[in-house]
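# Fold and contact review
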There are 2 protein chains.
Amino acid sequence: MPNYTAPVEDMMFLFDKLRNNKNYNDLEKYKEVNSELVKDILEEAAKINQNLILPLAKSGDENPTVLENGVVRTPPGYKEAYSKYIEDGWTSLSCDPKYGGQGMPKTVSAFFDEMLSSASLSFKLYSELSIGAYNCISHHATDQIKEKYLPKMVEGKWSGTMCLTEPVCGTDLGLLKTKAIEQSDGTFKLSGQKIFITSGDQDLTENIIHLVIARVADSPAGTKGISLFLVPKFVVNEDGSIGARNGVSTGSIESKMGIKGSATCVLNFDDATGYMIGLKNKGLNAMFTMMNLERIVVGIQGLGISEIAYQNSLSYAKERKQGKTNNTKSTNGADFIIEHADIRKSLLNMKSIIEGERALCFWLSQQTEVSLYHPDEKIKQEASDLVSLMTPVVKTMFSDMGMEITSEAMQVHGGYGYTKDQGIEQLYRDNRITPIYEGTNSIQAADLVFRKLVNKNGDIIDKYLELIKNDCSTENEKLKPFIKELKTHLEILSTFTVWIKEKVQNSKDDASAACNDYLKALGFVSIAHAWIKVLEVSFKDYEQNKEFYEDKIQTANFYFKRVLPRAESHFKTATSGSDYIMNFKFS
Amino acid sequence: MPNYTAPVEDMMFLFDKLRNNKNYNDLEKYKEVNSELVKDILEEAAKINQNLILPLAKSGDENPTVLENGVVRTPPGYKEAYSKYIEDGWTSLSCDPKYGGQGMPKTVSAFFDEMLSSASLSFKLYSELSIGAYNCISHHATDQIKEKYLPKMVEGKWSGTMCLTEPVCGTDLGLLKTKAIEQSDGTFKLSGQKIFITSGDQDLTENIIHLVIARVADSPAGTKGISLFLVPKFVVNEDGSIGARNGVSTGSIESKMGIKGSATCVLNFDDATGYMIGLKNKGLNAMFTMMNLERIVVGIQGLGISEIAYQNSLSYAKERKQGKTNNTKSTNGADFIIEHADIRKSLLNMKSIIEGERALCFWLSQQTEVSLYHPDEKIKQEASDLVSLMTPVVKTMFSDMGMEITSEAMQVHGGYGYTKDQGIEQLYRDNRITPIYEGTNSIQAADLVFRKLVNKNGDIIDKYLELIKNDCSTENEKLKPFIKELKTHLEILSTFTVWIKEKVQNSKDDASAACNDYLKALGFVSIAHAWIKVLEVSFKDYEQNKEFYEDKIQTANFYFKRVLPRAESHFKTATSGSDYIMNFKFS
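Residues numbered from 1 in each chain as written. Chains lettered and ligands numbered in written order. Predicted model: local features only at pLDDT ≥ 70, side-chain atom pairs only at ≥ 80, totals over all residues. Heavy atoms only, no water.

## Brief notes about the relation of the copies chain B and chain A
One copy of the chain maps onto the other through a rotation about an axis plus a displacement along that axis. Under the fitted operation, chain B is carried onto chain A by 0.0 Å of movement along the axis and a turn of 180°, and the coordinates agree to an RMSD of 0.0 Å. Taken together, the rotation and translation relating the two chain copies correspond to the operation of a two-fold axis. Residue B:Ser569, judged by its C-alpha, is the member of chain B lying nearest the rotation axis, at 2.9 Å. The fraction of interface residues of chain B whose copies in chain A are also interface residues reaches 100%, indicating that both copies meet through the same surface. (Least-squares fit on C-alpha atoms with pLDDT ≥ 70 in both. Contact = heavy atoms within 4.5 Å.)

## With respect to the interface of chain B and chain A
Contact with chain B, which involves 91 residues of that partner, is made by 91 residues of chain A. Interface of chain B and chain A: buried area, both sides summed, is about 7400 Å²; carbon and sulfur atoms make up 55% of it. Interface area lost by chain B to chain A is led by B:Tyr418, B:Arg562 and B:Phe586, which between them contribute 12%. Our count for the contact surface shared by chain B and chain A stands at 6 salt bridges. Among the salt bridges present, the one from B:Lys572 reaches A:Glu568, with a minimum N-O distance of 3.1 Å. Where chain B touches chain A, the interface holds 49 residue pairs in polar contact (both at pLDDT 80 or more). For the side of chain B that touches chain A, the class distribution of residues is 34 nonpolar, 29 polar and 28 charged. (Buried area = accessible area lost by both parts, 1.4 Å probe. Salt bridge = Lys/Arg side-chain N within 4 Å of Asp/Glu carboxyl O. Polar contact = N/O pair within 3.5 Å; in protein donor to acceptor, adjacent residues only side chain to side chain. Nonpolar A, V, L, I, M, F, W, Y, C, P; charged D, E, K, R; others polar.)

## Quick look at the side chain of B:Glu425
Within the secondary structure, B:Glu425 sits in helix H12 (residues 424–431). Relative accessible area serves as the criterion here: at 1%, B:Glu425 is assigned to the buried category. Once residues within four sequence positions are removed from consideration, B:Glu425 is found in contact with A:Met257, B:Asp61, B:Met410, B:Gly417, B:Tyr418, B:Thr419 and B:Lys420. (Helix = DSSP H or I, 4+ residues; strand = E, 2+ residues; numbered from the N terminus. Buried < 20%, exposed > 50% of the residue type's maximum accessible area, 1.4 Å probe, protein only.)

## Looking at the packing of helix H16 (residues 508–540) of chain B against helix H18 (residues 566–574) of chain B
All names here are of chain B. Closest axis-to-axis distance for the H16/H18 pair is 8 Å, and the angle between their directions is 160°. Classified by the angle their axes make, H16 and H18 are roughly antiparallel. The crossing of H16 and H18 is left-handed. Across the interface between the two elements, Ala-514, Asp-517, Lys-520, Ala-521 and Phe-524 from H16 touch Arg-566, Ala-567, His-570, Thr-573 and Ala-574 from H18. Its residues placed into classes, the contact of H16 with H18 shows 5 nonpolar, 2 polar and 3 charged. (Axes fitted to C-alpha atoms, helices over the stretch in contact; angles between N-to-C directions. Parallel < 35°, antiparallel > 145°, perpendicular 65-115°, else oblique. Left-handed = near helix turned anticlockwise from the far one by under 90°.)

## Section: the pattern of salt bridges
Inspection of every chain in the model, using the stated rule, returns 82 salt bridges over all chains. Ionic pairing is found between A:Lys17 and A:Asp541, a salt bridge with its closest N-O pair at 2.8 Å. With A:Lys17 in helix H1 (residues 8–17) and A:Asp541 in the loop between helix H16 (508–540) and helix H17 (546–563), this residue pair connects regions lying 524 residues apart in the sequence. Two residues, B:Arg562 and A:Asp517, come together in a salt bridge whose shortest N-O distance is 3.9 Å. Here A:Asp517 lies in helix H16 and B:Arg562 lies in helix H17 (residues 546–563), a pairing that spans two chains. Judged by relative accessible area, which is 6%, B:Arg562 ranks as buried. Look at A:Asp517 and you get buried, because its relative accessible area is 12%.

## Notes on the environment of B:Gln50
All names here are of chain B. Within the secondary structure, Gln-50 is located in helix H3 (residues 35–62). We classify Gln-50 as partly exposed; its relative accessible area is 25%. Along the sequence, Gln-50 and Cys-163 sit 113 residues apart, while their C-alpha atoms lie 31 Å from each other. Excluding anything up to four places from it in sequence, Gln-50 contacts Tyr-4, Thr-5, Ala-6 and Pro-55. At 2.7 Å, the side chain of Gln-50 forms a polar contact with the backbone nitrogen of Ala-6.

## Remarks on the UniProt feature "domain: Acyl-CoA oxidase/dehydrogenase middle" (unreviewed entry) in chain A
Under the UniProt annotation, the feature "domain: Acyl-CoA oxidase/dehydrogenase middle" (unreviewed entry) is placed at residues 162–271 of chain A. Note that residues 162–271 of chain A is 0% helix and 49% strand, and that its end C-alpha atoms are spaced 18 Å apart. (UniProt positions renumbered as here; feature names shortened; annotations may be inferred.)

## Some details on the packing of helix H6 (residues 121–140) of chain A against helix H8 (residues 283–319) of chain A
All names here are of chain A. At a minimum axis distance of 9 Å, the contact between H6 and H8 shows a crossing angle of 155°. The orientation of H6 with respect to H8, classified from their angle, is roughly antiparallel. Where H6 crosses over H8, the two elements pack in a sense that is right-handed. Together, Leu-121, Lys-124, Leu-125, Glu-128, Leu-129, Gly-132, Ala-133, Asn-135, Cys-136, His-139 and His-140 of H6 and Ala-286, Thr-289, Met-290, Leu-293, Glu-294, Val-297, Gln-301 and Ile-305 of H8 make up the contact between the two elements. Split by residue class, the contact of H6 with H8 holds 10 nonpolar, 6 polar and 3 charged.

Printed below as a string of structure tokens:
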């Protein structure tokens, strides 16, 4: 089983030194969320993840969730752990105090999401979708519904799901077939089948609140006829007590390559009672509020799995002896593999990507809070546009880099990485879902290029590139070489951006064939930008904590020398057009 | 379960049109191996792989090999299939007719290896190591031993293994602890433990012939004290009949991420009777003959798995509708995903790498035959040097590209790629062993850079680059743009080569930290070179088979535009030195 120590020091460094978004700092509601409080939370979070949750990873992989006589049974230990988890209030971390939550900002809850992803992604998924459903309900439902459902969800006694996908529609929700028929009392009866529903059923909570998209009988075809419904597993009585079983049943659960402790369900809705959330035919808009936040969390999952993969690779490399290095002083026997240049390079690749991602994510968490809560509508909108822009980037980069990092971890472990004992192969399998679910990474790239670069509020990508450019000047001699590299790649990215915006207008296929590469180029530059902010502090406060900051500077140095230059290759290959791709005749 | 149709047409194209190595064509022993014969063989091979072997893949994954009361049981169906497989003579394909073999060259047997890898890698491994052991015995053993063991191995009634790895030594064989004590009759008693032994035990054959490296009691430490021994599972009597059980037992079998139908064994040798093969203390040399050929086959495994992953992605993309394309004419509903630029790009990426690899492999098969059998020692040595150079390249590129391709296949399938039904995730898991076993890809890269570029026979890499350069001129206007791209990247590779050869002499850490990237750059250029040879024929014979050759030209076009340029990125990042890597202080 892999070991895990939550990276509290790095998280607190970000919280203390890089919480520098003026608009975030203006938010009244977080004035009291200070360093001491956050440190206490993260230390408690570290304990529960390291001690209680981590062992569930192996348990879930060896004893996958099963469906027995229509009932989903989670793996051994999940129930007990979940009880303790909600008793300690972890489901309520980011929720509104009005419903019993602790009201913590994303700048804190994102760290918790990362830790929980490191410890056990399967276990995490049981509460993760609840938070998604909570967010959706709290933004779009009536007060009556909020008061009825949210306190139990915040407490973790009830959970939530997001029911979108159907057999013929994953990416393409306009094709959905689930029907909703209005009843005389204003409720609806839903019928249809939903597939790939994460935590669609389980034995951890007393009730499950499904958020379901469906088409009302008289609604138009396509995405413009989709409404959103709340469909509880058990109907909830007026007094809030649990009533009769609703018409929702689990048809089957998926057998998957990884996240075997998570129940991925086929749900059948047969005249199930549902309540409309938000406006009729505006269901997708409501759902996307929740989808976008959820997509960032999927990126964080990739980050969390990367972190535990790195930690175990590092400790293995320090313990395993094999081969002599170029500089060996030993006359016999072998050296620790951490002395080999090639292994060191792998480890630094992992570390420099992980820490850069964490810093980028922290920046995005501040933006997210501003986008949700800032009183000034203009500031709020600008933050929201940046969050929308960066959501597909974070989801895709972090999940893809998670595959690169877990794969490197396997190579560091050699044959022991491929066998079950060390648990490394499980990290690789578990992470492999992250580039697929919540919209495949190709869909994310298309979303970025066709919908996020420029939107009704303006040229968002230009604002973002300008923001990076403004950070590209310094008087600090030590920072200059890093700035120079960033500038070089920012120019490449800018050229790429001009090219792709033009193609979006005039040659959509060229843009489509280039959008994955564009996303990667943007991702590598964004992480470099996050590193620059880390470096500014590292040089400025160097004397305060030499060891820590020297580590940051050297890690960044690797990123700028070996990782960032990949952006250029994406630019070069992607801008070769698409005629030869579109005209190809597949036999 | 994935479908599979053996790519006989492409294989016959290579055999008919690219069997152009003069030295290979001079080999007397293959004069009769003509197009008709090979076509017959490949068509029979296609049948057995498509019909008999393919279903074993799923069976082996769902019912992994088990160890029961000391006996290894292969998955359901393996025994019956193996009987038919040896009855039809497939184990004897490339073996010497003197021992009952069919004497087919690598130009044919490599195609069979590819098909079998596509159908079921786990099943393949039971006979693959036998061929390795056969090769080793036939090159290094006495006539007496050859006559006693080889006919049964060729027939497939007995199998063979390669026993190298021990708990503390995988990469670093000098550390091995297995002891061999000489007996008065000239035999040896071996004691020790070997791990990760593929097909170390099974219930398919009457006997298993282990080739074991061990240290004779009075031999020196390190790699210079290693000898090679033949250790049968059952001692073979003078008359060739099977005698008493030898002191070899299976301690356990590994539980692995993939290739679950293959038995990966811990073997315990307790005073097991063994016979020395080759010279005392020269065991590693003898073993490496077999290791090198085996490493090429691992590359071919990656190619075979890539092919079946591509075929299924292509057919899925033609069946699955999702989303509207940029050029859609449908006013409602979705288009087939094969119409999406991004999916097409993925498919062409797979196809252009696969077909390029197959062509490169065919070139290498001819060189291998020349290196083994050409009567002129100089020609033989030159071919041998080229094969040695390209062995780590083929092993690493094809296995790594196999991961890229099976991963793209999973993305094309979306959620259905991550669940078990379609069998795509199994291809991804099965292929993941190929970058690890027979020497991890990092070891391959170090082998290439430190031992293969320049050896005692001269500057091998320069000869190879010269060979490519000589193909970089043409009068054909249509070929010129391809040649131009190849030249550009050959120049980059040449600069990289000068750099790395200098570093091998003067700054070994810089070379170590760059060798993975160097291998990739060389690999991408080698595949491009193989494509040039394919293109020459395609333009020349275009009118003979327009559809086939147009497909080749367009596929090559994708390779040169989108794949080959990656070589440059490897060059740029790798040549940034290693000081900052070696001096990094890991906490």
